[in-house]
Amino acid sequence: MNDRGKNKAARLLLFAPVIFVAHFLEESPGFVEWFNGHVARGITPGLFWRVNIAALAITLIVVAFEWFAPSAFSLILAVGWLGFLMLANAFFHIAGGLVDQRYVPGLATAVLLYLPYYSWFFIMVMKTRRVKVSVLVVAVLLASLPMLLHGYLIIFRSSRLF
């Protein structure tokens, strides 16, 4: 693929921190209360903020890595990290809403931003041909497992990983 196509993935990746912040802003007013309604060993607002600030910092590092040192590894890292942060998190919010039969804080941005953005990004990364599709799929599956397991424990077992 030409340089223009390769740079599209990097340019698209610049939206990841903004989309993450939008999701955080939607979810922050009620997520701790929702979470603590599911898990006896709940979380504090402080922990919620620390986890999300760390996730934003990691997202910025992943974006910078792809932007300033593009490689097959930087793309695999971006696909994996956003698979964990956005794709698996969207599944968590959707499952929570279906099980609870009500709105889960963060559900709107998970469906309206996370899923379309991640799909678009994944397709754009595939078009770069810098990494085999099979490698990208494995990266997404492996990176998503902790979030999927954590979500399963919260929603179906009233427990958590951390």
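As the structure is a prediction and not an experimental result, all values here were calculated from the model.

**Regarding helix 4 (residues 45-68)**
End to end, helix 4 covers 34 Å across 24 residues, agreeing with the expected 34 Å (1.5 Å per residue, within 8%). Those residues of helix 4 that fall on the buried side of the exposure criterion are Phe48, Asn52, Ala55, Thr59, Val62, Val63 and Glu66.

**Notes on a nonpolar patch on the surface**
A cluster of nonpolar side chains, Val51, Val99, Leu149, Tyr152, Phe156, Leu161 and Phe162, forms an exposed patch at the surface whose accessible area comes to about 640 Å². For the nonpolar patch, the element with the highest residue contribution is helix 7 (residues 133-157), accounting for three residues. Summarising the element assignment, Leu149 is placed in helix 7.

**Description of the packing of helix 2 (residues 16-27) against helix 4**
Direction vectors running N to C along helix 2 and helix 4 enclose 170°, while the axes themselves pass 9 Å from each other. Taken as axis vectors, helix 2 and helix 4 run roughly antiparallel relative to one another. When the axes of helix 2 and helix 4 are compared, the crossing they make is right-handed. In this structure, helix 2 contributes Ala16, Pro17, Phe20, Val21, Phe24 and Glu27 to the contact, and helix 4 contributes Phe48, Trp49, Asn52, Ala55, Leu56, Thr59, Leu60 and Val63. Each residue belonging to the contact of helix 2 with helix 4 can be placed in one class, and the counts come to eleven nonpolar, two polar and one charged.

**Remarks on the packing of aromatic side chains**
Within this structure, the stated rule accounts for twelve aromatic pairs. Ring centres of Phe31 and Phe35 lie 6.0 Å apart, and the angle between their planes is 45°; this geometry places the pair in the tilted category. Placement of both Phe31 and Phe35 in helix 3 (residues 31-36) is noted, with a separation of four residues, approximately one turn of the helix. Phe35 shares its class with Phe31; the two are buried. Ring plane angle 35° and centroid distance 5.5 Å describe the contact between Tyr152 and Phe156, whose orientation is recorded as tilted. Here Phe156 and Tyr152 lie together in helix 7, a separation of four residues that amounts to about one turn. Judged by its relative accessible area of 39%, Tyr152 is partly exposed.

**Describing the nonpolar core**
Core analysis: the biggest nonpolar cluster contains 29 residues, and Leu13, Val79, Leu82, Met86, Tyr117 and Phe121 have the highest contact counts within it. Mapped onto this core, the elements with two or more residues apiece are helix 1 (3-13), helix 2, helix 4, helix 5 (72-100), helix 6 (107-128) and helix 7. Element by element, the count of residues in this core is highest for helix 5, at nine residues. In contact with Met86, other than residues within four places in its own chain, are Ala16, Ile19, Phe20, Tyr114 and Tyr117. Core analysis: the next-biggest nonpolar cluster, separate from the first, contains twelve residues, Phe31, Trp34, Phe92 and Ile154 among them.

**Some points on the side chain of Glu66**
Locating Glu66 in the fold gives a position in helix 4. Judged by its relative accessible area of 1%, Glu66 falls in the buried class. A polar side-chain atom of Glu66 sits 2.4 Å from a polar atom in the side chain of Ser74. Not counting residues up to four positions away in its chain, the partners in contact with Glu66 are Ala10, Leu13, Ser71, Ser74, Leu75 and Arg130.

**Describing unusual backbone geometry**
Glycine aside, negative phi is the norm for most residues, and most peptide bonds take the trans geometry. In this model, Gln101 sits at a positive phi of 60°, which is unusual for a non-glycine residue. Tracing the backbone through its elements, the reader meets Gln101 in the loop between helix 5 and helix 6. Using a relative accessible area of 67% as the deciding quantity, one classes Gln101 as exposed. Of note in the backbone geometry, Ser158 takes a positive phi value of approximately 50° without being a glycine.

Definitions and cut-offs
- Residues numbered from 1 in each chain as written.
- Predicted model: local features only at pLDDT ≥ 70, side-chain atom pairs only at ≥ 80, totals over all residues.
- Heavy atoms only, no water.
- Helix = DSSP H or I, 4+ residues; strand = E, 2+ residues; numbered from the N terminus.
- Expected span 1.5 Å × (residues − 1).
- Buried < 20%, exposed > 50% of the residue type's maximum accessible area, 1.4 Å probe, protein only.
- Patch = residues over 30% accessible without salt bridge, like charges linked within 9 Å, V, L, I, M, F, W, Y side chains within 5 Å.
- Areas by Shrake-Rupley, 256 points an atom, 1.4 Å probe, with all protein chains shown as cover.
- Salt bridge = Lys/Arg side-chain N within 4 Å of Asp/Glu carboxyl O.
- Axes fitted to C-alpha atoms, helices over the stretch in contact; angles between N-to-C directions.
- Parallel < 35°, antiparallel > 145°, perpendicular 65-115°, else oblique.
- Left-handed = near helix turned anticlockwise from the far one by under 90°.
- Contact = heavy atoms within 4.5 Å.
- Nonpolar A, V, L, I, M, F, W, Y, C, P; charged D, E, K, R; others polar.
- Phe/Tyr/Trp six-rings, centres within 6.5 Å; stacked < 30°, edge-to-face > 60°.
- Core = buried A, V, L, I, M, F, W, Y, C linked by side-chain atoms within 4.5 Å.
- Polar contact = N/O pair within 3.5 Å; in protein donor to acceptor, adjacent residues only side chain to side chain.

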